[in-house]
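Residues per chain, in single letters:
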Amino acid sequence: DWGLSNRWKVVFLGGVAVGSSFLIFARLGATFTPEADPGQFQVAYKAQPGISLERSQEIARQLIQEIRGNPYVAYTYSTIGGNGAQPINEGTIFIRLKERSVRPHFLRIKAELRERLKRFRSLRTSVENAGQGFEAKPIQMSFRGSDLAVMDPISERLMEEARQVRGAADVDTSQEIPRPELRVSMDRKAAGDLGLDLGTVASTVRGLVAGEVVSQFEDPDGDSYDVRLLVEPSQRAQGTDLRELDLPARGGRALVPLSQVAHIEPGTAPSKIRRRDLMREIRISANTEGRSLGEVINDIKTRAATVSLSPGYRVDYTGTSEDMVESFGYVGQSLALAVVFIYAILASQFRSFLQPLAIMLSLPLSLFGVAGMLYLAKDTLNIMSLIGLILLMGLVTKNAILLIDFTNNQREAGFSRREALLVAARVRLRPILMTTLAMIFGMLPLAFEWGAGAEFRAPMARGVIGGLITSTLLTLVVVPVVYTFLDDLGSHFVRWWKKGTPAHAPAGQQIPTVVE
């Protein structure tokens, strides 16, 4: 009754609620998926290239000792050179945590471990989700160009800018430290005089150092093993030992040392060369800590824009941040289609183009509850909370439908508009509260994160609960007021239409045209 007597105040109140919801959304931050607590993660490390397996094992032991100093770690499992493409100077340490009831959230444990690993200054370490790897970090900067010599200093500048952003952790690059190598430069004239060619020299040196399979050995169990022939380890421990390797010269009739036909010099070579879109690529990656992905990536883009790039060089952002932007765009399209379909159904059911607008006002009124509940729960705007927002589009309109439909029935029964609205508000209050409370209590187990995997789906439930609460409270006051405005607008339009429509005239009599 007060709302119908103070219509403009109610409209102002609804406008403030809708406007403030967008301000709250801007403060939430955005991530692709909620950060659940799986109870496990891993530490990846990279040491200097060219180290021995024994040295890599010693590094892994030191890291494990540091990791197990945390009382919440149940056990660890380390892997060195996990596949054929991974060298022995790289490894991962899988960490399993104790039960969730006896420890804090794993994000806090990861943050503490990052601080403790900073003392290993000669290592490149990364605290990441289990099975994540370099390519799966949420922030990926693809820096592309044609000349690696030009790209290296620029990539270092980009990495430094990324490190300055609060919330960016484990900033790393795909550029590996150059691997040491020995370059054998042939003296082609001397080799030709001795009957040696480049292919013979290369195959002989490779066979002596790396070995060649010359036979197979079968044990009593029937298992076969390759027999590899190569020189003694003491004769290939240093680069100078290669000078003394004998080569078959003059058709195998004589042996000459390698130093007689070649020069051996130390050098370095890239460990890995990346390409994308037919261009050289340096990939810079990072994890997030303490801030949402959207906030961190926006700050990185702002700082990276200050780095001047030469023509032909560019920086693109891929990874989870790209997936997040793409998925949010699809969610926006889904929301738009949901609104269109809801309006089409309501317009056909109520046989009116204006009354569905009053009912659909419940949609923006629910945003204040969604934003407020996510903010209070310290959630972010992610794919699950957006799914909850889409779900709300089909739930919150039922309150206004009950209210407006009963109002129309009362007006057809002879009640005035104000009396019909007051009766509808009283009569429909109980079913509105019953259905709303049923949905809210049904979502409570997810909202309170009860059950396995509930952390991942909790933002969806919290958003739905907040939207239902504010939409129900505001719908009972705002929707009847907006209904009166739209009804006045419809009546005004009908009077205007009838005023400009000519009346029927007798046959044969011309009706003058009225122009307004």
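Everything quoted here is computed from the prediction, not taken from an experiment. (Residues numbered from 1 in each chain as written. Predicted model: local features only at pLDDT ≥ 70, side-chain atom pairs only at ≥ 80, totals over all residues. Heavy atoms only, no water.)

Here we look at the overall build of the chain
Per the secondary structure count, the chain includes 16 helices and 15 strands. Compactness check: the chain gives a C-alpha radius of gyration of 36 Å against a globular reference of 24 Å for 516 residues, more than 25% above the reference. Principal axes of the C-alpha set define a box for the chain whose edges measure 125 × 70 × 50 Å. The proportion of buried residues among the 516 residues of the chain is 42%. Within the chain, contacts between residues at least 6 apart in sequence are counted, and of these 75% link residues at least 24 apart. With an accessible surface of roughly 28,900 Å², the chain has 57% of that area assigned to carbon and sulfur atoms. Distance between charge centroids for the chain: 9 Å, based on 58 positive and 53 negative side chains. (Helix = DSSP H or I, 4+ residues; strand = E, 2+ residues; numbered from the N terminus. Rg over C-alpha atoms; globule rule 2.2 N^0.38 Å. Buried < 20%, exposed > 50% of the residue type's maximum accessible area, 1.4 Å probe, protein only. Contact = heavy atoms within 4.5 Å. Areas by Shrake-Rupley, 256 points an atom, 1.4 Å probe, with all protein chains shown as cover. Lys, Arg positive; Asp, Glu negative; His and termini not counted. Charge placed at Lys NZ, Arg CZ, Asp CG, Glu CD.)

Here we look at the nonpolar core
Formed by 51 residues in total, the largest nonpolar core has its most connected members in F25, L389, L392, M393 and L468. Of all the secondary structure elements, the ones that give two or more residues to this core are α2 (7–28), α9 (320–350), α10 (355–360), α11 (362–376), α12 (383–393), α13 (397–412), α15 (429–447) and α16 (454–500). With 13 residues, α16 is the single largest residue contributor to this core. Here F25 is in contact with L367, V370, A371 and L381, once residues within four sequence places are set aside. Residues I154, M159, I282 and A304 belong to the second largest nonpolar core, which totals 25 residues. (Core = buried A, V, L, I, M, F, W, Y, C linked by side-chain atoms within 4.5 Å.)

Things to note about the packing of α13 against helix α14 (residues 417–427)
Look at α13 against α14: their axes get within 8 Å of each other, and the N-to-C directions meet at 135 degrees. On the basis of their axis angle, the class for α13 and α14 is oblique. Remark: the crossing between α13 and α14 carries right-handed chirality. Between α13 and α14, the residues in contact are L403, F406, T407, Q410 and R411 and R417, A420, L421, V423, A424, A425 and V427, respectively. Tallied by class, the residues present in the contact of α13 with α14 amount to eight nonpolar, two polar and two charged. (Axes fitted to C-alpha atoms, helices over the stretch in contact; angles between N-to-C directions. Parallel < 35°, antiparallel > 145°, perpendicular 65-115°, else oblique. Left-handed = near helix turned anticlockwise from the far one by under 90°. Nonpolar A, V, L, I, M, F, W, Y, C, P; charged D, E, K, R; others polar.)

Points about the pairing of strand β10 (residues 246–249)
Taken residue by residue, a regular strand's side chains alternate between the two faces of the sheet. Because side chains alternate across β10, one face comprises the buried residues L247 and A249, and the other comprises D246 and P248, none of which is buried. Here β10 pairs with strand β11 (residues 254–257) via four bridges, running antiparallel. The residue bridging P248 from the neighbouring strand is L255, located in β11. (Pairing = 2+ DSSP bridges.)

Description of empty space enclosed by the protein
A full pass over the atoms with the stated rule returns one cavity of 30 Å³ or more. Here the largest cavity is characterised by a volume of approximately 30 Å³. If you go around the largest cavity, the residues you meet are F41, I67, N70, V73, I109, L113 and R116. Examining the composition of the lining of the largest cavity, we find that three residues originate from one element, helix α4 (residues 106–117), more than from any other. When its residues are assigned to classes, the lining of the largest cavity shows five nonpolar, one polar and one charged. (1 Å grid on protein atoms, 1.4 Å probe; cavity = no way out; pocket = protein on both sides within 12 Å on 5 of 7 lines; lining within 4 Å. Points joined across faces, edges and corners; volume = space filled by probe spheres on them.)

Focus on the layout of surface pockets
Considered as a void within the structure, the largest pocket measures approximately 1,200 Å³ in volume. Put simply, the parts of the chain that give the lining of the largest pocket at least two residues each are α2, α4, β4 (124–129), β14 (279–288), α8 (293–304), α11 and α16. Tallied by class, the residues present in the lining of the largest pocket amount to 15 nonpolar, 12 polar and 13 charged.

Notes on the environment of R108
Tracing the chain through its elements places R108 in helix α4. Separated by 193 residues in the primary sequence, R108 and K301 place their C-alpha atoms 27 Å from one another.

What to know about the side chain of T470
Relative to the assigned elements, T470 resides in helix α16. On the basis of relative accessible area, T470 is assigned to the buried category, the value being 13%.

Digging into a nonpolar patch on the surface
A cluster of nonpolar residues, V214, F217, Y225, V227 and L229, forms a patch on the protein surface that exposes about 490 Å² of accessible area. Elements with a minimum of two residues in the nonpolar patch: β8 (212–218) and β9 (224–229). With three residues, β9 is the largest single contributor of residues to the nonpolar patch. Accessibility expressed as a relative area gives 56% for L229, which makes it exposed. (Patch = residues over 30% accessible without salt bridge, like charges linked within 9 Å, V, L, I, M, F, W, Y side chains within 5 Å. Salt bridge = Lys/Arg side-chain N within 4 Å of Asp/Glu carboxyl O.)

Some words on the pattern of salt bridges
Pairing between side chains of opposite charge can happen when their charged atoms approach one another. Counted by the stated rule, this structure contains 25 salt bridges. Between E112 and R108 there is a salt bridge whose closest N-O contact spans 3.4 Å. Taken together, the residues E112 and R108, both in helix α4 and four residues apart, mark about one turn of the helix. Measuring nitrogen to oxygen at the nearest pair gives 3.2 Å for the salt bridge that ties R411 to D487. Separated by 76 residues along the polypeptide, R411 in helix α13 and D487 in helix α16 bring together distant segments of the chain. One connected set of salt bridges, linked through shared partners, spans R7, R411, R417, D487 and D488.

Topic: the confidence of the model for the chain
The predicted model of the chain has a mean per-residue pLDDT of 84, with 94% of residues at 70 or higher. Here β10 stands out as the element of the chain with the lowest mean pLDDT, 79, in contrast to α15, whose mean of 90 is the highest. (pLDDT = per-residue confidence, 0-100.)

Focus on the pairing of β8
Relative to β9, β8 runs antiparallel, the two sharing six bridges. Residue E218 lies in a different strand from β9, and its bridge partner there is S224.

A closer look at the sheet that holds strand β3 (residues 90–97)
Read from one edge to the other, the open sheet built from four strands follows the order β2-β3-β1-β4, with strand pairing classed as antiparallel. Every other strand in the sheet has two partners, leaving β2 (73–80) and β4 as the edge strands with one partner each. Neighbour-to-neighbour, the strand axes of this sheet turn through a mean angle of 20 degrees, independent of strand direction. Note: β2 against β3, seven bridges, orientation antiparallel. Paired with V73 across the strands is L97, a residue of β3. Lying on the sheet, helix α3 (residues 53–67) is in contact with β1 (40–46), β2 and β3; it crosses β2 at an angle near 165 degrees.

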